[in-house]
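Close look at the chain arrangement
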Amino acid sequence: METKEPKVGVFLSDSGKQLSNILDFHAITNFVKGIPGVVYVAQGSDFWHDRGLENLVETVKSKKIDRVVVAGTTPKLSEVKIAREIEKAGLNPYLMEYLDLKDHCAMPHRSTPAEATEKAKAMLAGSVERAKLLEPLKKLEFPSLKSALVIGGGIAGMQTAIDLADLGFQVNLVEREPFLGGLAARAGRFFPTDDCAICIQPPSSDVKTITHTSRKCVYRSGFSEVPNLAIHTKTRVLAVEGEPGNYSVTIEKTPRYIDEDKCINCDKCTKVCPVEVPDEYNGKLTKRKAVYSNIPSVHPPIYTIDENSCKFHDCARCVEACPTGAVKLDQKPEKTTINVGSIIVATGFEEFDSSVIKEYHYNEYPDVITNLQLARMIDNFGPTKGAILRPSNHQPAKKIVFVQCVGSRDQRYKLYCSSICCMISLKHATIIKSAFPDTDVTICYIDMRTTGREHEYYYEKARDMGIKFVKGRPTEITKSLETDKLVVDTEAALLHRMLQVEADLVVIAPAMIPAKGTEQLAEVLGVDLDIDGFFKEYNAKLRPTETKLRGIYICGGATFPKDAPTTSLHAHSAAIKAAKFLNASKITKDQRTAVIDQDFCGDCEFCPATCPYQAISVERKDEEHLAAKVSDLLCEGCGICVGACPLGAIELRHARPSQMKAQMKGLMSVNGTSSPLILAICCSECGHTAVDSSGMAMMEYPANVRVMRVPCTGIVQVQQILEAFKAGAQGVMVVGCKTEGCHYEAGSEKAEKKVDMTKILLQEYGVDPERLEMFKMVFIEGREFAEAARNMTERLQKLGRLNLIPS
């Protein structure tokens, strides 16, 4: 088949004559006209609006050109607009190459206009050569179901489910426990308002008899009656298959042994049940029956049977007592598959097991309890009906000591601050002091962290009430043999001595840790956990409710311990993110993805292990061989797999090795400077923006530095760095994102390893490895880029000219 030679049109913008005061546009124009494949050259003030854009579009429509190279300014704005207009004119938008003559050339080299002009020629030569090899890419569409799965039935999960249901999506809410509510149901009250913890924003759906006030108790909010919301309690997620927009989720509902449609919540079953066990809901401060319901009940308003303690048919008194025949002792687990377009994780957090801290004797001394246990005491529905009693003898606690940061901010256990514990202890202390003014209350703290709105007033209120504060971490809690009271040995940092504080009751504030099962759920979903064990956000600053996988979102305490207002914000955010993803009933993305030549694939499985987005799978190519395959839907186009493939079997459609090599040679083809040529391979994100900002701030560096943009530095292969030297580069800078802020998770880190490997090869070739260096920068570090360019130039001048690297 005859290959059609590309016809390149080059459009040179002088930015209202601003650039022509530095660059020789006459020389540049003549140079560009001489590049093979260039059939049209235009010069103007700009080409991204008004007459300039009209000229460009008319040229495209005339079919004179089938490739576009624009040399202009403000590329982040104008590039998008030009691409949109040429697509309307009938040219694939991916057949355009844009370069920034202002901030990458004229401004940083304004003191050396002749050298700047030569660099402009090199930039254009590289862009034209790359443009000639560009290929049209398609817009891809994937069907998406307008339904969602919410995992976790605390206040975050319930609020997310309500929001999505209100927006018209079919929602399945899954909770592993028998009742909804999570920790909020046990907390009783939330700071700083001290009102009920288990409130949510009611649904705006047409639920009859429900008034739409600012908040509602869950049981009377009407959310369980929303037609497109299905609630599954005692249910866990077993498996997730499929792709974003079309997940097939296997869930298992464990038996409740109660028919949900028949139970009338009459309590007759509990009265006849002979089995009593510690009540986990009430912090094991009291007992419950084997058949039980939490009080207050959030949802559903029915009973459940604890299969670990029930005697089943050896007893069966509950069966006889039930007036509606609701008790079903032969129920079996039920597995169901549901199909959803999106998944939201709202699994929350729980208290750290403080019994491992032996010096505090938790679970050994009954009068050492946690904040959550105290919350159940304070609750009028709790085991002591609001009275603060010593569990050891059920006598009122007259002296109470709170111990903060138990297991948190501790190198032995959890390094992080759990962020809400100070306020929880302040809440409990002030509630107790208000109800029982004569109670002596002391809080031992490392730092009181009251950072939220009105939180500092809460702290001042506690001080005004007479609550005492001791700055220091207690070393040990002991029991006095003489008085049977507890003694807290603590540092008093402000007094510069140790104190012994006597207490009837010690309340510890444990670290908050990920909910049980978080690790297993993360594995099922294929999402990452952070170093602290909580679900990892895609970007903690800007995308705190997203994961790196399309269609999977996180909210509330699943990402880190949060107070109620922040949890609510997270829930609303996750719902909106999921709704945006699901709303169009299809997922649209471009084809800037990786492609694998299965004939060359060696089935080493490096690429599936390397891909941050799980976009690569291994499938059977024929009866004897396996080969890797890329999912266009999951692939984010970073190219890390390209850099990892030892056989060169993977390419990115928009950054093929041939395109990169052609651009590299073009950039090195024009010297025009006495300084040694340097190729700066920059990632298209933070690395490239550092170059942008150096020009924006008019920071000068030598014109011998030529910039080549790649999707991610992770795409760079060792042989490509060596090819840069063969093409004429005397030095190579690889400029990527910061390791911890890489836009593609691990690209910068992997690039650094390849740079180190290349340095070893250079040494073997007799080339000084200082000719190659990796830099990690962000936008605001333009000054650092300019300085790095100057330093590299000076270093290469001292090293002298490089002889060719052998092939």
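Definitions and cut-offs
Residues numbered from 1 in each chain as written. Predicted model: local features only at pLDDT ≥ 70, side-chain atom pairs only at ≥ 80, totals over all residues. Heavy atoms only, no water. Helix = DSSP H or I, 4+ residues; strand = E, 2+ residues; numbered from the N terminus. Buried < 20%, exposed > 50% of the residue type's maximum accessible area, 1.4 Å probe, protein only. Contact = heavy atoms within 4.5 Å. Domains from an automatic or database assignment. Buried area = accessible area lost by both parts, 1.4 Å probe. Salt bridge = Lys/Arg side-chain N within 4 Å of Asp/Glu carboxyl O. Polar contact = N/O pair within 3.5 Å; in protein donor to acceptor, adjacent residues only side chain to side chain. Phe/Tyr/Trp six-rings, centres within 6.5 Å; stacked < 30°, edge-to-face > 60°. Lys NZ or Arg CZ within 6 Å of the ring centre and 35° of its normal. Disulfide = S-S within 2.5 Å. Patch = residues over 30% accessible without salt bridge, like charges linked within 9 Å, V, L, I, M, F, W, Y side chains within 5 Å. Areas by Shrake-Rupley, 256 points an atom, 1.4 Å probe, with all protein chains shown as cover. Pairing = 2+ DSSP bridges. Axes fitted to C-alpha atoms, helices over the stretch in contact; angles between N-to-C directions. Right-handed = clockwise from strand over helix to strand, strands pointing away.

1. Focus on the environment of Leu-633
- Its place among the elements puts Leu-633 in the loop between strand S35 (626–630) and helix H16 (640–644).
- Of the residues examined, Leu-633 reaches a relative accessible area of 2% and is grouped as buried.
- For Leu-633 and Arg-656, which are 23 residues apart along the polypeptide, the C-alpha to C-alpha distance reads 19 Å.
- Not counting residues within four places of it along the chain, the set of residues in contact with Leu-633 comprises Phe-142, Glu-243, Pro-244, Arg-550, Ile-587 and Lys-589.

2. What to know about the domain arrangement of the protein
- Under the domain assignment used here, the protein contains domain 1 (1–137), domain 2 (147–254 + 341–347 + 515–582), domain 3 (268–332), domain 4 (358–506) and domain 5 (591–652).
- Spacing between the C-alpha centres of domain 3 and domain 4 amounts to 34 Å.
- Counting residues at the interface gives seven residues for domain 3, matched by eight residues for domain 4.
- Contact between domain 3 and domain 4 buries roughly 630 Å² in total, counting both sides, with carbon and sulfur atoms accounting for 68%.
- Summed over the three residues of domain 3 that lose the most area to domain 4, namely Asn-282, Leu-285 and Pro-296, the buried surface amounts to 64% of that side.
- Our count for the contact surface shared by domain 3 and domain 4 stands at zero salt bridges.
- Where domain 3 meets domain 4, there are two residue pairs in polar contact (both at pLDDT 80 or more).

3. Things to note about the packing of aromatic side chains
- One pass over the structure, following the stated rule, counts 13 aromatic pairs.
- On the basis of an interplanar angle of 70° and a centroid distance of 6.1 Å, the ring pair of Tyr-416 and Phe-534 is categorised as edge-to-face. Of this pair, Tyr-416 sits in the loop between strand S23 (399–406) and helix H11 (421–435) while Phe-534 sits in the loop between helix H13 (518–525) and strand S31 (552–554); the two residues are 118 residues apart in sequence, bridging distant segments of the chain.
- For Tyr-416, a relative accessible area of 13% puts it in the buried group.
- Judged by its relative accessible area of 1%, Phe-534 is buried.
- Pairwise contacts between aromatic rings join Phe-11, Tyr-40 and Phe-47 into one cluster.
- Note that Arg-256 overlies the ring of Phe-179, its terminal NZ or CZ placed 5.0 Å from the centroid.
- In this arrangement the basic side chain of Arg-288 is found over the ring face of Tyr-292, its NZ or CZ atom lying 4.0 Å from the centre.

4. Focus: helix H10 (residues 371–378)
- A large share of H10 lies buried, amounting to eight of its eight residues.
- Within the span of H10, buried status applies to Asn-371, Leu-372, Gln-373, Leu-374, Ala-375, Arg-376, Met-377 and Ile-378.
- Residues of H10 that are buried make contact with helix H7 (182–187), strand S21 (349–351), strand S22 (368–370), S23, H11 and strand S29 (505–510).

5. Details of the pattern of salt bridges
- A complete count under the given rule lists 39 salt bridges for this structure.
- A salt bridge links Asp-66 to Arg-67; its shortest N-O distance comes to 3.6 Å. As far as burial versus exposure is concerned, Asp-66 and Arg-67 are alike and both buried.
- One salt bridge connects Arg-288 with Glu-280, and the closest N-O pair in it is separated by 3.2 Å.
- By relative accessible area, Arg-288 is classed as buried at 8%.
- For Glu-280, a relative accessible area of 43% translates into the label partly exposed.
- Via salt bridges that share partners, Asp-367, Arg-390, Lys-485 and Asp-504 belong to a single interconnected network.

6. A short note on the state of the cysteines
- This model, assessed by the stated rule, comprises zero disulfides.
- Here Cys-263 stays unpaired: no disulfide links it, and the sulfur of Cys-269, its closest cysteine neighbor, is 6.5 Å away.

7. A look at the side chain of Lys-427
- In this structure, Lys-427 sits in helix H11.
- Contacts of Lys-427, omitting those with residues within four sequence positions, involve Ala-187, Arg-189, Phe-190, Phe-191, Asp-194 and Tyr-458.

8. Observations regarding a nonpolar patch on the surface
- Together, Met-696, Phe-779 and Ile-780 make up an exposed nonpolar region whose accessible area comes to about 350 Å².
- With respect to the secondary-structure elements, Phe-779 resides in the loop between strand S40 (772–776) and helix H21 (782–799).
- Accessibility expressed as a relative area gives 41% for Phe-779, which makes it partly exposed.

9. A short note on the sheet that holds strand S13 (residues 235–243)
- What the three strands build is an open sheet, ordered S13-S14-S19; its pairing is antiparallel. Every other strand in the sheet has two partners, leaving S13 and strand S19 (334–340) as the edge strands with one partner each. Going from strand to strand, the sheet's axes swing by 20° on average, the running direction of each strand aside.

10. Some points on unusual backbone geometry
- With an omega dihedral of 0°, the bond running from His-299 to Pro-300 counts as a cis peptide bond.
- By secondary structure assignment, the location of Pro-300 is in the loop between strand S17 (291–292) and strand S18 (304–305).
- Backbone geometry places Ala-316, a non-glycine residue, at a positive phi of 60°.
- Mapping Ala-316 onto the fold places it in the loop between S18 and helix H9 (317–321).
- In this model, His-394 sits at a positive phi of 60°, which is unusual for a non-glycine residue.

11. Describing the pairing of strand S39 (residues 731–736)
- With six of six residues buried, S39 lies mostly within the body of the structure.
- Relative to S39, strand S37 (residues 678–683) is paired through five bridges, and the arrangement is parallel. Within the sheet, the bridge partner assigned to Ile-681 lies in S39 and is Val-734.
- For S39 and S40, the ladder comprises five bridges, and the chain directions are parallel. Within the sheet, the bridge partner assigned to Val-734 lies in S40 and is Met-774.
- For the handedness criterion, the β-α-β arrangement of S39, helix H20 (residues 747–764) and S40 is classed as right-handed.

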